[in-house]
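Observations on chain architecture
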Amino acid sequence: MRILLVGPPGAGKGTQAAVLAGKLGVPHISTGDIFRTNVAEGTPLGVQAKSYMDKGEYVPDDVTNAMVRDRLAQPDTAAGFILDGYPRTVAQVHELDDMLSAGAGRLDIVVELSADTDELVERLAKRAADQGRSDDTPEVIRRRLEIYAETTAPLIDLYSGRGLVVAVDGLGAVDDVTARLLAVLTK
Ligand code: AMP
């Protein structure tokens, strides 16, 4: 199964994608996680990505696309994957189409995980306290929500036009949201 999870920062994509990947036996591919690993290891990619991430801006498409192309070429993606945080721009959608047509085929489903803004801000503030992510400061959170609305939310219409989108309410306890997602994914 080739699954894409979309939703604003704080909707719970990362948490849910990790749980679902375990249950469905497919890899969880998070561009944010790959960038953070590179930042932690001080690789050239990490150094480049960090300057954007710390401001809440998107890392340039060419850098991000090349990284995902490499990851999707790994053999563990043959049976499917859960993409979390990519694509985030229309150009990335076209790039992903190209990657998939060359290999695994196409996406099976796009799940839109939603939550209202107050809930998002609250969750991100809590994550800032728990994890100390450098992009979870109030100012950067505001910018990340803004850029999501401007640049990434339009992707939902694009994928809706392809008949791929199912919306799932991301509000509530982690287990409840997982159950909702599994109900949709195993239908
Ligand atoms: P995330 O963990 O998905 O919220 O991603 C954290 C940060 O990594 C984002 O705010 C961006 O700076 C960067 N990032 C992750 N995925 C992408 C992407 N698909 N395109 C550009 N930047 C990305």
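None of these values were measured; they are calculated from a predicted model. (Residues numbered from 1 in each chain as written. Predicted model: local features only at pLDDT ≥ 70, side-chain atom pairs only at ≥ 80, totals over all residues. Heavy atoms only, no water.)

1. Considerations on the side chain of Thr77
Quick note on the threshold: Counting from the N terminus, the helices are DSSP H or I runs at least four residues long and the strands are E runs at least two residues long. Each residue is placed in one exposure class: buried if its accessible area under a 1.4 Å probe, protein chains only, is under 20% of its type's maximum, exposed if it is over 50%, and partly exposed if it falls in between. Residue contacts are defined here by distance: any two heavy atoms, one from each residue, within 4.5 Å place the two residues in contact.
One can find Thr77 in the loop between α4 (61-72) and β3 (81-84). For Thr77, a relative accessible area of 6% gives the class buried. Other than its neighbours up to four places away in sequence, Thr77 contacts Pro27, Ile29, Arg71 and Leu72.

2. Here we look at the pairing of strand β4 (residues 109-114)
What counts is decided by this rule: Any two strands are treated as partners once DSSP identifies two or more bridges connecting them.
As paired elements, strand β1 (residues 2-6) and β4 share 4 bridges and run parallel to each other. When the bridges of β4 are listed, Val6 appears paired with Glu112. With 5 bridges connecting them, β4 and strand β5 (residues 165-169) associate as parallel partners. Opposite Leu113, over in β5, you have Val168 as the bridge partner.

3. So, the site of the ligand
This is how the line gets drawn: Working definition: residue near molecule or strand if any one of its non-hydrogen atoms lies within 4 Å of it. A 3.5 Å cut-off defines polar contacts: any pair of N or O atoms within that distance qualifies, except that in protein one atom must be a possible hydrogen donor and the other a possible acceptor, and neighbouring residues in sequence count only when both atoms are side-chain atoms. For every accessible area listed, the method is Shrake-Rupley and the probe measures 1.4 Å; residues are considered covered only by the protein chains on display. Buriedness for pockets is judged along seven lines, at least five of which must meet protein on both sides within 12 Å for an open set on the 1 Å grid over protein atoms alone, while cavities are sets there where a 1.4 Å probe fits but cannot get out, and lining residues have an atom within 4 Å of a point. Those molecules having more than half of their atoms within 2 Å of a cavity or pocket grid point set are described as sitting in that cavity or pocket. Three classes are used: nonpolar for Ala, Val, Leu, Ile, Met, Phe, Trp, Tyr, Cys and Pro, charged for Asp, Glu, Lys and Arg, and polar for all others, with Gly counted as polar.
Near the ligand, the surroundings consist of 16 residues, among which Thr31, Arg36, Glu57, Gly85 and Arg88 are the closest. Take Thr31: an N or O atom from its side chain is 2.7 Å from a nitrogen atom of the ligand. The contact in question runs from an oxygen atom of the ligand to an N or O atom on the side chain of Arg36, over 2.9 Å. Relative to its free-state accessible area of 480 Å², the ligand is covered by the protein chains to the extent of 96%. In a pocket analysis with a 2 Å cut-off to the grid points, the ligand is assigned to the largest pocket. It is helix α2 (residues 31-41) that contributes the most residues to the shell around the ligand, 4 residues altogether. In terms of residue class, the shell around the ligand is made up of 5 nonpolar, 5 polar and 6 charged.

4. Topic: the sheet that holds β1
Our working definition: Each axis is a line fitted through C-alpha atoms, and for a helix only the stretch in contact is used; angles between axes span 0 to 180 degrees, taken between their N-to-C directions.
Judged by pairing direction, the sheet is parallel, and its 5 strands sit side by side in the order β2-β3-β1-β4-β5 without closing on themselves. In the strand order of this sheet, the two ends are held by β2 (28-30) and β5, each with one partner. Going from strand to strand, the sheet's axes swing by 25° on average, the running direction of each strand aside. Contacting β2 and β3, α2 runs over the sheet at an angle of about 65° to β2.

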